Amino acid sequence: MADAFGGWQGRRVLVTGAGGFVGHHVVRALAELGASVDGTGGPRPEGMPLAAWHDSDLLDPDSLATAVAQAEPDCLLHLAGQSSAARSFEHPLETFQVNSLGTWHLLEAARIYAPHARIVLVTSGEIYGAGGDGVRVAEDATQRPVSPYGISKAAADAFGAIASQRGQYVVRARSFGHAGPGQEPRFAIPAFAQQIANAEAGRGAPVLEVGNLDVVRDLCDVRDVALAYVALFERGKAGAAYNVCSGEGVRLTDVVRRLAAASRVPVEVRVDPARMRPADVRWLVGDRTAIGRDTGWSPAIPLDQTLADVLEDWRVRVRGAGA
């Protein structure tokens, strides 16, 4: 088992999915702490403080083994995968293979080539699925996933538990919803912000098309989530699972109201049936007692700041697209 954590200077970290939305924020946070960060996945992203990049595919065990062997990580953060619950209904088999089997392939590569590495395995709050309204789900709650995505992440989480039982240092991060600058519009909040930014620029109708807003979600800022993963490396208990969440619920109608109020032009909110999921959870809010107790982490960025930053990010993107 890994020794007590002694700081980030000289630490080698491998981040799967380093070029993705969360990866950008985590890589910068780790580099600022003095870690040497390698990334792996598809094409190498530009403008990131990466020491090296390793081509790999979660469904190609040999490529993962090569990446881990070359990186020789002290710490391994697994972010890569299919991250959209909505997309999982369209591509259920691909979602399960990438998120579940891909996780197992990575854990096997780490077992052989980085047996002493600390691993933070990111799964999802979606594994809890349908619970009781008004209830904050803790890590021991019954898992009732309602989407292929949730099922795939529940399987990945179970694989992490198995790896822990066989001696690997695995901490499971069950992350609830998060948003922030850089997120793509296949997710709800950036999709809303993109539509508003287009309407402000005269490149779209002043209509905000939405899906089901009658749901309550637990939302954090991605920059807080990045620091949660850092804290789990440092102080998370091997074999444990932790909810990464705010512990507070917000109805999506309220999120849309706040974004519409920040718009520089009046917008009409209109339900688009095409944006509805085949199955959804009315209430999904986490209990963050465990992560607070063991690591001291808590979210610091308020939701209004997150929404303002996402909207400004899309204003910049829309202006850039029209330049």
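What you see is a predicted model, and the numbers here were worked out from it, not measured in a lab. (Residues numbered from 1 in each chain as written. Predicted model: local features only at pLDDT ≥ 70, side-chain atom pairs only at ≥ 80, totals over all residues. Heavy atoms only, no water.)

Trainee: Mind showing me how you'd approach the nonpolar core here?
Mentor: For soluble globular proteins, nonpolar side chains are generally found buried alongside one another. Judged by nonpolar contacts, the single largest core of 38 residues is most densely connected at W8, V15, L30, L77, Y229, L232 and V244. Secondary structure elements with two or more residues in this core: β1 (12-16), α1 (21-32), β4 (75-78), β5 (118-122), β7 (169-175), α7 (222-235), β11 (241-244) and α9 (289-295). With nine residues, α7 is the single largest residue contributor to this core. In this structure W8 touches V13, L30, L33, G34, A35, C75, V230, F233 and E234, once residues within four positions along its chain are discounted. With 22 residues, the next largest nonpolar core counts A179, F192, A193 and A197 among its residues. (Core = buried A, V, L, I, M, F, W, Y, C linked by side-chain atoms within 4.5 Å. Buried < 20%, exposed > 50% of the residue type's maximum accessible area, 1.4 Å probe, protein only. Helix = DSSP H or I, 4+ residues; strand = E, 2+ residues; numbered from the N terminus. Contact = heavy atoms within 4.5 Å.)

Trainee: Explanation requested: α7 in the structure shown.
Mentor: Think of an α-helix as turning once every 3.6 residues; residues three or four places apart then point the same way. With 14 residues, α7 should cover 20 Å at 1.5 Å per step; its first-to-last C-alpha distance of 20 Å lies within 8% of that length. Taken together, the buried positions of α7 are occupied by V222, D224, V225, A226, A228, Y229, V230, A231, L232 and F233. (Expected span 1.5 Å × (residues − 1).)

Trainee: Help me out: how do you make sense of the pattern of salt bridges in this one?
Mentor: Oppositely charged side chains can pair when the atoms bearing their charge come close. If you walk through the whole model with that rule in mind, you get 25 salt bridges. A salt bridge links D214 to R282; its shortest N-O distance comes to 3.5 Å. With D214 in the loop between β9 (207-210) and β10 (216-221) and R282 in the loop between β13 (268-271) and β14 (283-286), the pair connects residues that are 68 residues apart, well separated along the chain. Judged by its relative accessible area of 39%, D214 is partly exposed. (Salt bridge = Lys/Arg side-chain N within 4 Å of Asp/Glu carboxyl O.)

Trainee: Help me understand the layout of surface pockets in this model?
Mentor: Empty space among the atoms becomes apparent when a probe as large as a water molecule is rolled across them. Of the volumes computed, that of the second largest pocket is approximately 160 Å³. As for the second largest pocket, its lining consists of 14 residues, and the residues nearest its centre are L219, C220, S246, E248 and L303. Elements with a minimum of two residues in the lining of the second largest pocket: β10, β12 (249-251) and α10 (303-322). The biggest single contributor to the lining of the second largest pocket is β10, with four residues. (1 Å grid on protein atoms, 1.4 Å probe; cavity = no way out; pocket = protein on both sides within 12 Å on 5 of 7 lines; lining within 4 Å. Points joined across faces, edges and corners; volume = space filled by probe spheres on them.)

Trainee: Would you mind going over the packing of aromatic side chains with me for this structure?
Mentor: Here a ring pair, both rings aromatic, is described through the centre-centre distance and the interplanar angle of the planes. What the rule picks out here adds up to four aromatic pairs. Note on W8 and F233: the rings are 5.8 Å apart at their centroids and 85 degrees apart in plane angle, and the pair reads as edge-to-face. One end of the pair, W8, is in the segment before β1; the other, F233, is in helix α7, and 225 residues separate them in sequence. Judged by its relative accessible area of 5%, W8 falls in the buried class. With relative accessibility at 1%, the residue F233 sits in the buried group. Of the aromatic side chains, those joined through ring pairs into one cluster are F5, W8 and F233. The ring of F5 has R11 lying over it, and the distance from NZ or CZ to the ring centre is 4.2 Å. Against the face of W314 rests R317, its NZ or CZ located 4.0 Å from the ring centre. (Phe/Tyr/Trp six-rings, centres within 6.5 Å; stacked < 30°, edge-to-face > 60°. Lys NZ or Arg CZ within 6 Å of the ring centre and 35° of its normal.)

Trainee: Would you take a moment to explain the state of the cysteines for this structure?
Mentor: Here a disulfide denotes one covalent bond, and it connects the sulfur atoms of two cysteines. Applying the stated rule across the entire model yields zero disulfides. Left unpaired, C220 is separated from the closest cysteine sulfur, that of C245, by 6.5 Å. (Disulfide = S-S within 2.5 Å.)

None of this, on its own, says anything about what the molecule does.
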